[in-house]
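# Structure assessment
Residue strings, one per chain:
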Amino acid sequence: MTKVFKFGGASIKDAAAIRHLGELLGGFRGHPLVVVISAMGKTTNALEALLEAMRSDQQDDYRDRLERLEADHLATVEALFGSEAGDLRDRIRSLFAELDQRHRAYCHEDRALHYDQTIGYGELLSTTIVAAWLEESGIATRWLDARDLIITDASHQAANIDWQATAQRVGELEVDSEKLLVTQGFIGSTRDGLSTSLGREGSDFSAAILAYCLDAEDATFWKDVPGLFNADPRRFDNAVPLAHLSYAETIELAWHGAKVIHPKTLAPLQRKSIPLVVRSFETPDAAGSLIDDDTRNDGEHPACILSEGQTLLEVHPRDLAFMDEARQYHILGRLVEAGLHAELIDGGATRLLLCLDSHPARLEQLVQSLSVDYDMARQDDLTLLTVRHPSASLLAGLSEGREILAERRNATTAQYLFHTRECPEAWHIPE
Ligand code: ADP
Ligand code: ASP
Ligand code: MG
(Lines give C-alpha, C1' and ligand atoms only; values in the text may rest on other atoms or scores of the structure.)
(Ligands and ions follow the chains in the order given, each with its own letter.)
Protein backbone atom coordinates (compact mmCIF):
# COMPACT_ATOMS: atom_id res chain seq x y z
CA MET A 1 0.00 0.00 0.00
CA THR A 2 1.09 3.54 -0.72
CA LYS A 3 2.69 5.76 1.84
CA VAL A 4 2.49 9.56 1.65
CA PHE A 5 5.35 11.65 3.04
CA LYS A 6 5.37 15.41 3.50
CA PHE A 7 8.49 17.51 3.93
CA GLY A 8 8.31 21.20 4.94
CA GLY A 9 10.62 24.10 4.10
CA ALA A 10 13.14 23.45 6.89
CA SER A 11 13.85 19.91 5.64
CA ILE A 12 15.07 21.20 2.25
CA LYS A 13 16.39 24.61 3.24
CA ASP A 14 19.82 24.14 1.60
CA ALA A 15 22.02 21.66 -0.24
CA ALA A 16 23.05 19.82 2.95
CA ALA A 17 19.38 19.39 3.96
CA ILE A 18 18.47 18.07 0.48
CA ARG A 19 21.36 15.57 0.64
CA HIS A 20 20.05 14.41 4.01
CA LEU A 21 16.53 14.07 2.53
CA GLY A 22 17.98 11.86 -0.23
CA GLU A 23 19.57 9.58 2.37
CA LEU A 24 16.35 9.39 4.35
CA LEU A 25 14.27 8.50 1.27
CA GLY A 26 16.90 5.98 0.17
CA GLY A 27 15.83 3.95 3.20
CA PHE A 28 12.31 3.56 1.75
CA ARG A 29 13.33 2.15 -1.65
CA GLY A 30 10.96 -0.51 -2.90
CA HIS A 31 7.88 0.96 -1.19
CA PRO A 32 5.16 2.77 -3.21
CA LEU A 33 5.75 6.34 -2.06
CA VAL A 34 4.31 9.77 -2.86
CA VAL A 35 6.36 12.66 -1.49
CA VAL A 36 4.82 16.11 -1.03
CA ILE A 37 7.29 18.98 -0.69
CA SER A 38 7.00 22.66 0.34
CA ALA A 39 9.10 25.57 -0.86
CA MET A 40 12.71 25.76 0.37
CA GLY A 41 13.20 27.50 3.74
CA LYS A 42 11.36 30.82 3.83
CA THR A 43 10.85 31.08 0.05
CA THR A 44 7.07 31.62 0.30
CA ASN A 45 7.63 34.68 2.54
CA ALA A 46 10.13 35.96 -0.04
CA LEU A 47 7.58 35.41 -2.83
CA GLU A 48 4.96 37.35 -0.85
CA ALA A 49 7.42 40.25 -0.47
CA LEU A 50 8.13 40.05 -4.21
CA LEU A 51 4.40 40.29 -4.92
CA GLU A 52 4.09 43.38 -2.69
CA ALA A 53 7.04 45.03 -4.47
CA MET A 54 5.38 44.40 -7.83
CA ARG A 55 1.94 45.57 -6.73
CA SER A 56 3.29 48.78 -5.22
CA ASP A 57 5.28 49.31 -8.43
CA GLN A 58 8.66 49.33 -6.68
CA GLN A 59 10.42 47.97 -9.74
CA ASP A 60 14.00 48.18 -8.40
CA ASP A 61 13.02 46.37 -5.22
CA TYR A 62 11.10 43.79 -7.27
CA ARG A 63 14.08 43.18 -9.56
CA ASP A 64 16.51 42.89 -6.56
CA ARG A 65 14.27 40.41 -4.78
CA LEU A 66 13.73 38.28 -7.88
CA GLU A 67 17.48 38.17 -8.62
CA ARG A 68 18.31 37.27 -5.01
CA LEU A 69 15.79 34.44 -4.96
CA GLU A 70 17.09 33.11 -8.28
CA ALA A 71 20.70 33.34 -7.07
CA ASP A 72 19.81 31.43 -3.86
CA HIS A 73 18.18 28.59 -5.80
CA LEU A 74 21.04 28.46 -8.32
CA ALA A 75 23.56 28.36 -5.45
CA THR A 76 21.79 25.28 -4.05
CA VAL A 77 21.87 23.65 -7.50
CA GLU A 78 25.57 24.48 -7.80
CA ALA A 79 26.34 23.07 -4.34
CA LEU A 80 24.51 19.83 -5.16
CA PHE A 81 25.58 19.21 -8.75
CA GLY A 82 28.65 21.40 -9.37
CA SER A 83 29.64 21.50 -13.03
CA GLU A 84 27.12 18.78 -13.94
CA ALA A 85 24.21 21.17 -13.28
CA GLY A 86 23.80 22.60 -16.83
CA ASP A 87 20.36 21.26 -17.71
CA LEU A 88 18.87 21.77 -14.24
CA ARG A 89 20.28 25.30 -14.07
CA ASP A 90 18.47 26.08 -17.33
CA ARG A 91 15.19 24.68 -15.96
CA ILE A 92 15.51 26.83 -12.81
CA ARG A 93 16.26 29.91 -14.91
CA SER A 94 13.25 29.27 -17.10
CA LEU A 95 10.98 28.88 -14.04
CA PHE A 96 12.18 32.31 -12.87
CA ALA A 97 11.55 33.79 -16.34
CA GLU A 98 8.03 32.30 -16.23
CA LEU A 99 7.47 33.76 -12.73
CA ASP A 100 8.55 37.20 -13.93
CA GLN A 101 6.25 36.93 -16.93
CA ARG A 102 3.30 35.99 -14.73
CA HIS A 103 3.94 38.97 -12.43
CA ARG A 104 3.79 41.24 -15.45
CA ALA A 105 0.66 39.56 -16.81
CA TYR A 106 -1.30 39.68 -13.51
CA CYS A 107 -0.03 42.80 -11.70
CA HIS A 108 -3.12 44.84 -12.61
CA GLU A 109 -5.56 42.03 -11.83
CA ASP A 110 -7.24 41.23 -8.52
CA ARG A 111 -4.61 40.72 -5.79
CA ALA A 112 -5.70 37.20 -4.79
CA LEU A 113 -5.66 36.06 -8.42
CA HIS A 114 -2.19 37.57 -8.92
CA TYR A 115 -1.03 35.91 -5.67
CA ASP A 116 -2.14 32.46 -6.80
CA GLN A 117 -0.55 32.74 -10.25
CA THR A 118 2.86 33.42 -8.67
CA ILE A 119 3.06 32.02 -5.11
CA GLY A 120 3.45 28.36 -6.12
CA TYR A 121 6.83 28.91 -7.78
CA GLY A 122 8.54 28.17 -4.45
CA GLU A 123 7.17 24.63 -4.59
CA LEU A 124 7.73 24.26 -8.37
CA LEU A 125 11.39 25.20 -7.88
CA SER A 126 12.03 23.09 -4.78
CA THR A 127 10.46 19.93 -6.24
CA THR A 128 12.40 20.37 -9.49
CA ILE A 129 15.68 20.49 -7.55
CA VAL A 130 14.79 17.70 -5.13
CA ALA A 131 13.53 15.35 -7.89
CA ALA A 132 16.78 15.89 -9.83
CA TRP A 133 18.81 15.19 -6.69
CA LEU A 134 16.92 11.97 -5.93
CA GLU A 135 17.56 10.73 -9.48
CA GLU A 136 21.23 11.67 -9.05
CA SER A 137 21.27 9.64 -5.80
CA GLY A 138 20.03 6.56 -7.64
CA ILE A 139 16.35 6.81 -6.59
CA ALA A 140 14.12 6.55 -9.68
CA THR A 141 11.82 9.56 -9.38
CA ARG A 142 8.91 11.05 -11.30
CA TRP A 143 8.07 14.75 -10.89
CA LEU A 144 4.35 15.50 -10.90
CA ASP A 145 2.68 18.89 -11.27
CA ALA A 146 0.22 19.16 -8.36
CA ARG A 147 -1.85 21.54 -10.47
CA ASP A 148 -2.82 18.52 -12.61
CA LEU A 149 -3.89 16.57 -9.52
CA ILE A 150 -5.45 18.88 -6.92
CA ILE A 151 -8.51 20.43 -8.54
CA THR A 152 -10.19 23.31 -6.72
CA ASP A 153 -12.71 26.09 -7.08
CA ALA A 154 -11.51 29.63 -7.82
CA SER A 155 -11.51 30.90 -4.18
CA HIS A 156 -8.01 32.23 -4.54
CA GLN A 157 -5.64 31.95 -1.55
CA ALA A 158 -7.99 29.53 0.23
CA ALA A 159 -9.27 27.30 -2.56
CA ASN A 160 -11.85 24.61 -1.83
CA ILE A 161 -11.12 21.10 -3.08
CA ASP A 162 -13.20 19.61 -5.87
CA TRP A 163 -13.03 16.14 -4.34
CA GLN A 164 -14.60 14.33 -7.25
CA ALA A 165 -12.27 15.76 -9.88
CA THR A 166 -9.25 15.41 -7.59
CA ALA A 167 -10.04 11.76 -6.77
CA GLN A 168 -10.39 11.04 -10.47
CA ARG A 169 -7.05 12.67 -11.38
CA VAL A 170 -5.18 11.09 -8.47
CA GLY A 171 -6.83 7.73 -9.20
CA GLU A 172 -5.25 7.76 -12.67
CA LEU A 173 -1.75 7.93 -11.18
CA GLU A 174 0.50 4.95 -11.44
CA VAL A 175 1.93 4.47 -7.98
CA ASP A 176 4.34 1.57 -7.66
CA SER A 177 7.55 0.57 -5.97
CA GLU A 178 9.59 1.29 -9.13
CA LYS A 179 9.42 5.06 -9.10
CA LEU A 180 9.03 7.46 -6.22
CA LEU A 181 6.56 10.26 -7.03
CA VAL A 182 7.42 13.84 -6.02
CA THR A 183 4.93 16.67 -6.11
CA GLN A 184 4.27 20.11 -4.65
CA GLY A 185 2.27 20.92 -1.57
CA PHE A 186 0.14 24.07 -1.20
CA ILE A 187 -1.00 24.42 -4.84
CA GLY A 188 -3.74 23.24 -7.14
CA SER A 189 -5.68 24.55 -10.09
CA THR A 190 -9.23 25.14 -11.24
CA ARG A 191 -10.80 22.92 -13.90
CA ASP A 192 -9.96 25.76 -16.31
CA GLY A 193 -6.28 25.55 -15.45
CA LEU A 194 -5.91 28.70 -13.32
CA SER A 195 -3.41 28.14 -10.49
CA THR A 196 -4.81 28.23 -6.94
CA SER A 197 -3.37 27.91 -3.44
CA LEU A 198 -4.75 26.26 -0.32
CA GLY A 199 -3.69 28.84 2.31
CA ARG A 200 -0.36 29.34 4.06
CA GLU A 201 1.08 26.15 5.56
CA GLY A 202 -1.25 24.25 3.21
CA SER A 203 1.24 21.52 2.21
CA ASP A 204 0.09 19.43 5.16
CA PHE A 205 -3.42 19.58 3.68
CA SER A 206 -2.12 18.62 0.20
CA ALA A 207 -0.50 15.51 1.66
CA ALA A 208 -3.75 14.57 3.43
CA ILE A 209 -5.75 15.04 0.20
CA LEU A 210 -3.39 12.73 -1.69
CA ALA A 211 -3.41 10.17 1.13
CA TYR A 212 -7.22 10.21 1.06
CA CYS A 213 -7.48 9.83 -2.72
CA LEU A 214 -4.84 7.06 -2.79
CA ASP A 215 -6.33 5.16 0.18
CA ALA A 216 -2.84 5.38 1.65
CA GLU A 217 -1.56 3.05 4.32
CA ASP A 218 -0.43 6.08 6.32
CA ALA A 219 0.79 9.67 6.01
CA THR A 220 4.02 10.84 7.60
CA PHE A 221 4.90 14.49 8.16
CA TRP A 222 8.65 14.90 8.61
CA LYS A 223 9.22 18.02 10.73
CA ASP A 224 12.03 19.79 12.56
CA VAL A 225 10.53 18.55 15.85
CA PRO A 226 10.37 14.91 16.97
CA GLY A 227 6.56 14.86 16.93
CA LEU A 228 3.64 16.72 18.39
CA PHE A 229 4.28 18.20 21.85
CA ASN A 230 1.83 19.47 24.46
CA ALA A 231 3.12 22.99 23.66
CA ASP A 232 5.50 24.53 21.14
CA PRO A 233 8.87 23.23 22.37
CA ARG A 234 10.49 26.44 21.12
CA ARG A 235 8.34 28.55 23.45
CA PHE A 236 7.74 26.28 26.49
CA ASP A 237 10.85 25.04 28.26
CA ASN A 238 9.17 21.93 29.72
CA ALA A 239 6.96 20.86 26.77
CA VAL A 240 6.67 17.06 26.50
CA PRO A 241 6.28 14.93 23.34
CA LEU A 242 2.90 13.23 22.83
CA ALA A 243 3.28 9.64 21.61
CA HIS A 244 -0.36 9.22 20.66
CA LEU A 245 -3.39 11.45 20.07
CA SER A 246 -6.77 11.21 18.38
CA TYR A 247 -7.74 13.09 15.21
CA ALA A 248 -10.36 14.97 17.25
CA GLU A 249 -7.86 16.19 19.84
CA THR A 250 -5.34 17.14 17.15
CA ILE A 251 -8.02 19.14 15.30
CA GLU A 252 -8.65 21.07 18.53
CA LEU A 253 -4.94 21.87 18.96
CA ALA A 254 -4.55 22.91 15.30
CA TRP A 255 -7.77 24.95 15.24
CA HIS A 256 -6.69 26.85 18.35
CA GLY A 257 -3.42 27.76 16.63
CA ALA A 258 -0.79 25.05 17.27
CA LYS A 259 1.29 25.85 14.21
CA VAL A 260 2.68 22.35 13.77
CA ILE A 261 -0.22 21.01 11.64
CA HIS A 262 -2.61 22.81 9.30
CA PRO A 263 -6.13 22.40 10.76
CA LYS A 264 -7.68 21.21 7.47
CA THR A 265 -5.33 18.21 7.41
CA LEU A 266 -7.16 15.96 9.84
CA ALA A 267 -10.64 15.61 8.27
CA PRO A 268 -9.60 13.72 5.08
CA LEU A 269 -7.40 11.37 7.12
CA GLN A 270 -10.11 10.76 9.69
CA ARG A 271 -12.70 10.00 7.00
CA LYS A 272 -10.66 6.99 5.87
CA SER A 273 -8.99 6.22 9.21
CA ILE A 274 -5.54 6.82 7.70
CA PRO A 275 -2.99 7.10 10.52
CA LEU A 276 -0.86 10.26 10.59
CA VAL A 277 2.66 10.07 11.96
CA VAL A 278 4.63 13.21 12.85
CA ARG A 279 8.36 12.53 12.97
CA SER A 280 11.66 14.35 12.92
CA PHE A 281 13.73 14.41 9.75
CA GLU A 282 16.70 15.17 12.01
CA THR A 283 16.27 12.02 14.13
CA PRO A 284 14.36 9.74 11.74
CA ASP A 285 14.72 6.67 13.94
CA ALA A 286 12.63 8.18 16.77
CA ALA A 287 9.00 7.00 16.72
CA GLY A 288 7.36 10.46 16.80
CA SER A 289 3.62 10.95 17.35
CA LEU A 290 0.83 8.73 16.05
CA ILE A 291 -2.56 10.30 15.34
CA ASP A 292 -5.56 8.06 14.71
CA ASP A 293 -9.16 7.32 15.81
CA ASP A 294 -8.25 6.15 19.30
CA THR A 295 -9.08 8.78 21.96
CA ARG A 296 -7.71 6.95 24.99
CA ASN A 297 -4.57 9.07 25.48
CA ASP A 298 -6.23 12.46 24.85
CA GLY A 299 -5.90 14.83 27.78
CA GLU A 300 -3.14 12.83 29.53
CA HIS A 301 -1.13 16.03 29.49
CA PRO A 302 -2.56 19.55 29.52
CA ALA A 303 -1.69 21.31 26.25
CA CYS A 304 -0.87 25.01 25.78
CA ILE A 305 -1.14 27.04 22.59
CA LEU A 306 0.02 30.62 22.09
CA SER A 307 -1.51 32.88 19.43
CA GLU A 308 0.34 36.13 19.18
CA GLY A 309 -0.59 39.29 17.29
CA GLN A 310 -4.18 39.35 18.56
CA THR A 311 -6.50 42.36 18.69
CA LEU A 312 -9.35 42.78 21.15
CA LEU A 313 -12.41 44.62 19.91
CA GLU A 314 -15.05 45.57 22.47
CA VAL A 315 -18.32 46.41 20.71
CA HIS A 316 -21.13 48.32 22.47
CA PRO A 317 -24.59 49.16 21.09
CA ARG A 318 -25.35 52.86 21.59
CA ASP A 319 -27.70 54.12 24.39
CA LEU A 320 -27.14 51.04 26.59
CA ALA A 321 -29.19 48.89 24.20
CA PHE A 322 -28.88 45.14 24.73
CA MET A 323 -26.35 42.99 22.95
CA ASP A 324 -29.13 40.61 21.94
CA GLU A 325 -29.01 37.82 19.37
CA ALA A 326 -30.05 40.12 16.51
CA ARG A 327 -27.10 42.43 17.23
CA GLN A 328 -24.69 39.52 17.64
CA TYR A 329 -25.90 38.11 14.31
CA HIS A 330 -25.32 41.48 12.67
CA ILE A 331 -21.81 41.86 14.13
CA LEU A 332 -20.71 38.31 13.27
CA GLY A 333 -22.03 38.83 9.73
CA ARG A 334 -19.67 41.85 9.34
CA LEU A 335 -16.86 39.66 10.69
CA VAL A 336 -17.48 37.02 8.01
CA GLU A 337 -17.63 39.71 5.30
CA ALA A 338 -14.27 41.08 6.44
CA GLY A 339 -12.76 37.55 6.32
CA LEU A 340 -11.76 37.59 9.99
CA HIS A 341 -11.72 34.76 12.50
CA ALA A 342 -12.56 35.34 16.19
CA GLU A 343 -10.53 33.03 18.44
CA LEU A 344 -12.57 34.08 21.47
CA ILE A 345 -16.06 35.60 21.68
CA ASP A 346 -17.57 36.71 24.97
CA GLY A 347 -20.95 38.39 25.36
CA GLY A 348 -22.46 40.64 28.07
CA ALA A 349 -25.67 42.65 28.44
CA THR A 350 -24.35 45.64 26.54
CA ARG A 351 -21.11 44.47 24.96
CA LEU A 352 -19.50 41.83 22.78
CA LEU A 353 -15.80 41.04 23.08
CA LEU A 354 -14.04 39.72 20.00
CA CYS A 355 -10.46 38.49 19.98
CA LEU A 356 -9.24 38.66 16.39
CA ASP A 357 -6.10 37.89 14.38
CA SER A 358 -4.38 41.19 13.61
CA HIS A 359 -4.92 41.54 9.91
CA PRO A 360 -4.66 45.33 9.40
CA ALA A 361 -6.68 45.73 6.18
CA ARG A 362 -9.46 43.34 7.27
CA LEU A 363 -9.66 44.86 10.76
CA GLU A 364 -9.96 48.30 9.20
CA GLN A 365 -12.87 47.09 7.05
CA LEU A 366 -14.60 45.56 10.10
CA VAL A 367 -14.13 48.63 12.31
CA GLN A 368 -15.46 50.90 9.57
CA SER A 369 -18.57 48.83 8.95
CA LEU A 370 -19.36 48.45 12.68
CA SER A 371 -18.71 52.09 13.57
CA VAL A 372 -21.99 53.08 11.85
CA ASP A 373 -24.03 51.37 14.59
CA TYR A 374 -21.71 50.71 17.54
CA ASP A 375 -19.16 52.27 19.86
CA MET A 376 -15.89 50.38 20.01
CA ALA A 377 -12.71 50.09 22.05
CA ARG A 378 -9.67 48.38 20.56
CA GLN A 379 -6.46 46.98 22.02
CA ASP A 380 -3.60 45.63 19.89
CA ASP A 381 -0.43 43.57 20.51
CA LEU A 382 -2.11 40.87 22.56
CA THR A 383 -1.37 37.18 23.11
CA LEU A 384 -4.06 34.53 23.50
CA LEU A 385 -3.16 31.50 25.60
CA THR A 386 -5.37 28.45 25.04
CA VAL A 387 -5.07 25.54 27.48
CA ARG A 388 -6.63 22.13 26.78
CA HIS A 389 -7.44 19.86 29.75
CA PRO A 390 -6.20 22.31 32.40
CA SER A 391 -6.23 21.91 36.17
CA ALA A 392 -7.17 24.86 38.38
CA SER A 393 -3.64 25.14 39.77
CA LEU A 394 -2.13 25.11 36.28
CA LEU A 395 -4.42 27.96 35.17
CA ALA A 396 -3.61 29.94 38.30
CA GLY A 397 0.12 29.47 37.62
CA LEU A 398 -0.13 30.49 33.96
CA SER A 399 -2.18 33.63 34.56
CA GLU A 400 -0.44 34.78 37.75
CA GLY A 401 0.90 38.33 37.66
CA ARG A 402 -0.64 39.17 34.27
CA GLU A 403 -3.66 41.31 33.54
CA ILE A 404 -6.37 39.14 31.95
CA LEU A 405 -8.14 41.21 29.26
CA ALA A 406 -10.65 38.50 28.30
CA GLU A 407 -11.22 34.88 29.21
CA ARG A 408 -13.39 31.90 28.36
CA ARG A 409 -13.67 28.47 29.93
CA ASN A 410 -15.55 25.25 29.26
CA ALA A 411 -15.14 21.63 30.34
CA THR A 412 -12.03 20.99 28.24
CA THR A 413 -10.58 24.37 27.28
CA ALA A 414 -9.57 27.65 28.94
CA GLN A 415 -8.45 30.79 27.12
CA TYR A 416 -6.81 33.93 28.48
CA LEU A 417 -5.93 37.09 26.62
CA PHE A 418 -2.87 39.03 27.81
CA HIS A 419 -0.77 42.01 26.73
CA THR A 420 2.14 40.51 24.78
CA ARG A 421 4.51 42.81 26.71
CA GLU A 422 3.53 40.93 29.88
CA CYS A 423 4.35 37.51 28.40
CA PRO A 424 7.71 35.81 28.96
CA GLU A 425 10.12 34.88 26.17
CA ALA A 426 10.29 31.32 27.56
CA TRP A 427 7.08 29.94 29.03
CA HIS A 428 6.87 27.20 31.63
CA ILE A 429 3.89 24.89 32.19
CA PRO A 430 3.30 24.83 35.99
CA GLU A 431 2.92 21.43 37.73
P1 ADP B 1 6.68 22.41 8.27
O2 ADP B 1 7.39 23.50 7.53
O3 ADP B 1 7.32 21.09 8.14
O4 ADP B 1 5.21 22.40 7.98
P5 ADP B 1 6.22 23.90 10.67
O6 ADP B 1 7.30 24.93 10.90
O7 ADP B 1 4.95 24.36 10.08
O8 ADP B 1 6.86 22.73 9.81
O9 ADP B 1 5.93 23.12 12.03
C10 ADP B 1 6.95 22.77 12.90
C11 ADP B 1 7.08 23.80 14.00
O12 ADP B 1 5.87 23.85 14.74
C13 ADP B 1 8.14 23.47 15.03
O14 ADP B 1 9.38 24.01 14.67
C15 ADP B 1 7.58 24.05 16.34
O16 ADP B 1 8.28 25.19 16.75
C17 ADP B 1 6.15 24.45 15.98
N18 ADP B 1 5.15 23.99 16.95
C19 ADP B 1 4.12 24.74 17.44
N20 ADP B 1 3.37 24.05 18.29
C21 ADP B 1 3.90 22.81 18.36
C22 ADP B 1 3.54 21.61 19.05
N23 ADP B 1 2.47 21.57 19.86
N24 ADP B 1 4.31 20.50 18.90
C25 ADP B 1 5.37 20.52 18.08
N26 ADP B 1 5.77 21.63 17.38
C27 ADP B 1 5.05 22.76 17.51
N1 ASP C 1 5.21 26.99 1.26
C2 ASP C 1 3.89 27.26 1.80
C3 ASP C 1 4.01 28.16 3.03
O4 ASP C 1 5.12 28.51 3.42
C5 ASP C 1 3.13 26.04 2.12
C6 ASP C 1 3.68 25.19 3.26
O7 ASP C 1 4.87 25.31 3.59
O8 ASP C 1 2.94 24.39 3.81
O9 ASP C 1 3.00 28.55 3.57
MG1 MG D 1 3.82 23.90 8.34
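These remarks concern the structure in this document. It should be emphasised that the depicted structure is a prediction, and the values quoted were computed from it without experimental measurement.

Rules and cut-offs
What you see as residue numbers is a count from 1 along each chain, following the sequence as written. Note on labels: chains are lettered from A, ligands numbered from 1, in written order. Restriction of local features to residues with pLDDT of at least 70 applies here, the model being predicted, together with a cutoff of 80 or more for giving and counting side-chain atom pairs; totals for whole chains, interfaces and linings are based on all residues. Note: side-chain values were computed over all heavy atoms of the structure, leaving out hydrogens and water. Here, strands pair whenever DSSP counts at least two bridges between them. Numbering of helices and strands runs from the N terminus; a helix is a DSSP stretch of H or I covering at least four residues, while a strand is a stretch of E covering at least two. The convention used is that axes are lines fitted to C-alpha atoms, helices contributing only their stretch in contact, and that angles between N-to-C directions extend from 0 to 180 degrees. By convention in these notes, a residue is near a molecule or strand provided one of its non-hydrogen atoms lies within 4 Å of it. Under the rule applied, a polar contact is a pair of N or O atoms within 3.5 Å (in protein, one hydrogen donor and one hydrogen acceptor; residues adjacent in sequence only if both atoms are side-chain atoms). Surface accessibility in these figures is a Shrake-Rupley result with a 1.4 Å probe; residues are shielded only by whichever protein chains are displayed. Throughout this entry, Asp, Glu, Lys and Arg are counted as charged residues, while Ala, Val, Leu, Ile, Met, Phe, Trp, Tyr, Cys and Pro are counted as nonpolar. The remaining residues, Gly among them, count as polar. Between 65 and 115 degrees an angle is taken as roughly perpendicular, under 35 as roughly parallel, over 145 as roughly antiparallel, and anywhere else as oblique. The crossing is said to be left-handed when, going from far helix to near helix, the turn is anticlockwise and less than a right angle, and right-handed when the turn is clockwise. Whether two residues touch is decided by their heavy atoms; if any such pair falls within 4.5 Å, the residues are in contact. The criterion for an aromatic pair is that two Phe, Tyr or Trp rings (for Trp, the six-membered ring) have centres within 6.5 Å, with stacked assigned to planes under 30 degrees apart, edge-to-face to planes over 60 apart and tilted to the rest. Buried means the residue's accessible area, taken with a 1.4 Å probe over protein chains only, is under 20% of the maximum for its type, while exposed means over 50%, and partly exposed covers the values in between. When the NZ atom of lysine or the CZ atom of arginine is within 6 Å of a ring's centre and also within 35 degrees of its normal, the charge is said to sit over that ring. Cavity and pocket criteria rest on a 1 Å grid covering protein atoms alone: a 1.4 Å probe that fits but cannot get out defines a cavity, protein on both sides within 12 Å along at least 5 of 7 lines defines an open pocket, and an atom within 4 Å of a point defines a lining residue. Grid points are joined across faces, edges and corners, and a volume is the space filled by probe spheres set on the points. Every case where a carboxyl oxygen of Asp or Glu lies within 4 Å of a side-chain nitrogen of Lys or Arg is listed as a salt bridge. Put simply, a nonpolar core is a bunch of buried Ala, Val, Leu, Ile, Met, Phe, Trp, Tyr and Cys residues held in one set by side-chain atoms that sit within 4.5 Å of each other. How far a helix is expected to stretch is found by multiplying one less than its residue total by 1.5 Å.

A few words on the sheet that holds strand S5 (residues 180–184). Pairing between the strands of a sheet comes from backbone hydrogen bonds, and it takes one of two forms, parallel or antiparallel. The strand order across the open sheet formed by 8 strands is S3-S5-S2-S1-S8-S10-S11-S9, and the pairing between neighbours is mixed. Each edge of the open sheet carries a strand with a single partner, namely strand S3 (141–143) and strand S9 (244–246). Strand-to-strand twist in this sheet, taken as the mean axis angle between neighbours without regard to direction, amounts to 20°. Of the strand pairs in this sheet, S3 and S5 are connected by 3 bridges, and their pairing is parallel. Bridging across to S5, Trp143 finds its partner in Val182.

Near ligand 1 lie 16 residues; those nearest to it are Lys6, Lys223, Asp224, Asp232 and Arg234. Between ligand 1 and Glu201 there is a distance of 3.0 Å, counted from an oxygen atom to a side-chain nitrogen or oxygen. Between ligand 1 and Phe229 there is a distance of 2.9 Å, counted from a nitrogen atom to a backbone nitrogen or oxygen. Notes on ligand 1: free accessible area 570 Å², of which the protein chains cover 85%. When its residues are assigned to classes, the shell around ligand 1 shows 6 nonpolar, 3 polar and 7 charged.

With that settled, the discussion passes to the packing of helix H3 (residues 59–81) against helix H4 (residues 86–106). Put simply, H3 and H4 touch, their axes get as near as 10 Å, and they point 160° apart. Between H3 and H4, the angle falls in the class roughly antiparallel. Crossing of H3 against H4: the hand is right-handed. Residue-level inspection shows Gln59, Tyr62, Arg63, Leu66, Leu69, Glu70, His73, Leu74, Val77, Glu78 and Phe81 of H3 in contact with H4, the latter providing Leu88, Arg89, Ile92, Arg93, Phe96, Leu99, Asp100, His103 and Arg104. Within the contact of H3 with H4, the residues separate by chemical class into 10 nonpolar, 3 polar and 7 charged.

Attention now moves to the packing of aromatic side chains. Counting across every chain of the model gives 10 aromatic pairs. Note on Phe5 and Phe7: the rings are 6.4 Å apart at their centroids and 75° apart in plane angle, and the pair reads as edge-to-face. Comparing Phe5 with Phe7 shows no difference in burial state: the two are buried. Seen in terms of ring centroids, Tyr416 and Phe418 are 6.2 Å apart; in terms of plane orientation they differ by 35°. Their pairing is tilted. Residue Tyr416 is classed as buried on the basis of its relative accessible area, which comes to 8%. Among the aromatic side chains, those forming a connected cluster through ring pairs are Phe5, Phe7, Phe28 and Trp222. A cation over a ring is seen here: Arg271 above Trp163, with NZ or CZ 5.2 Å from the ring centre.

Attention shifts here to empty space enclosed by the protein. Applying the stated criterion across every chain, the model contains 1 cavity of 30 Å³ or more. Of the volumes computed, that of the largest cavity is approximately 40 Å³. What lines the largest cavity is Arg102, Asp116, Gln117, Thr118, Ile119, Gly120, Tyr121, Leu124, Arg147, Ile187, Ser195 and Thr196. Elements with a contribution of two residues or more to the lining of the largest cavity: helix H5 (111–118), helix H6 (121–136) and strand S7 (195–197). In terms of residue class, the lining of the largest cavity is made up of 4 nonpolar, 5 polar and 3 charged.

Moving on: the site of ligand 2. Inspection of the region around ligand 2 gives Ser38, Ala39, Thr44, Glu123, Phe186, Arg200, Glu201, Gly202 and Ser203 as its neighbouring residues. For ligand 2, an oxygen atom lies 3.3 Å from a polar atom in the side chain of Ser38. In this structure, Ser203 approaches ligand 2 through a main-chain N or O atom, which is 3.0 Å from an oxygen atom. Here ligand 2, which alone exposes 260 Å², has 92% of that area covered by the protein. Of the residues that constitute the shell around ligand 2, the class distribution is 2 nonpolar, 4 polar and 3 charged.

In this section: the pattern of salt bridges. With the rule as written, the count across this model stands at 25 salt bridges. Among the charged side chains, a salt-bridge network with shared partners connects Lys3, Glu217 and Asp218.

Moving on: the nonpolar core. Across soluble globular proteins, you tend to see nonpolar side chains buried next to one another. Formed by 49 residues in total, the largest nonpolar core has its most connected members in Phe7, Ile18, Leu25, Val35, Phe81, Ile92 and Leu180. Per-element tally for this core: the top contributor is H6, with 8 residues. Not counting the four nearest positions on each side in its chain, Val35 is found in contact with Phe5, Phe7, Leu25, Leu180, Leu181, Val182 and Thr183.

What follows is about helix H1 (residues 15–26). For H1, with 12 residues, the first-to-last C-alpha span of 16 Å sits near the 16 Å given by 1.5 Å per residue. Among the residues of H1, Ala15, Ala17, Ile18, Leu21, Gly22, Leu24, Leu25 and Gly26 are the ones counted as buried.

Here we take up the sheet that holds strand S16 (residues 406–409). Spatial strand order, S13-S14-S12-S15-S17-S16: 6 strands in an open sheet with antiparallel pairing. Each of the sheet's edge strands pairs with one partner strand only, and the pair in question is strand S13 (342–347) and S16. Here the average twist between neighbouring strands, direction ignored, is 25°. By the bridge criterion, 4 bridges tie S16 to strand S17 (residues 413–419) in an arrangement that is antiparallel. Across the sheet, residue Arg408 finds its bridge partner in S17, namely Gln415. In the packing of helix H12 (residues 360–370) onto the sheet, contacts are made with strand S12 (303–317), strand S14 (352–357) and strand S15 (374–388), and the angle to S15 comes to roughly 135°.

Don't take any of this as a statement about function, it's just geometry.
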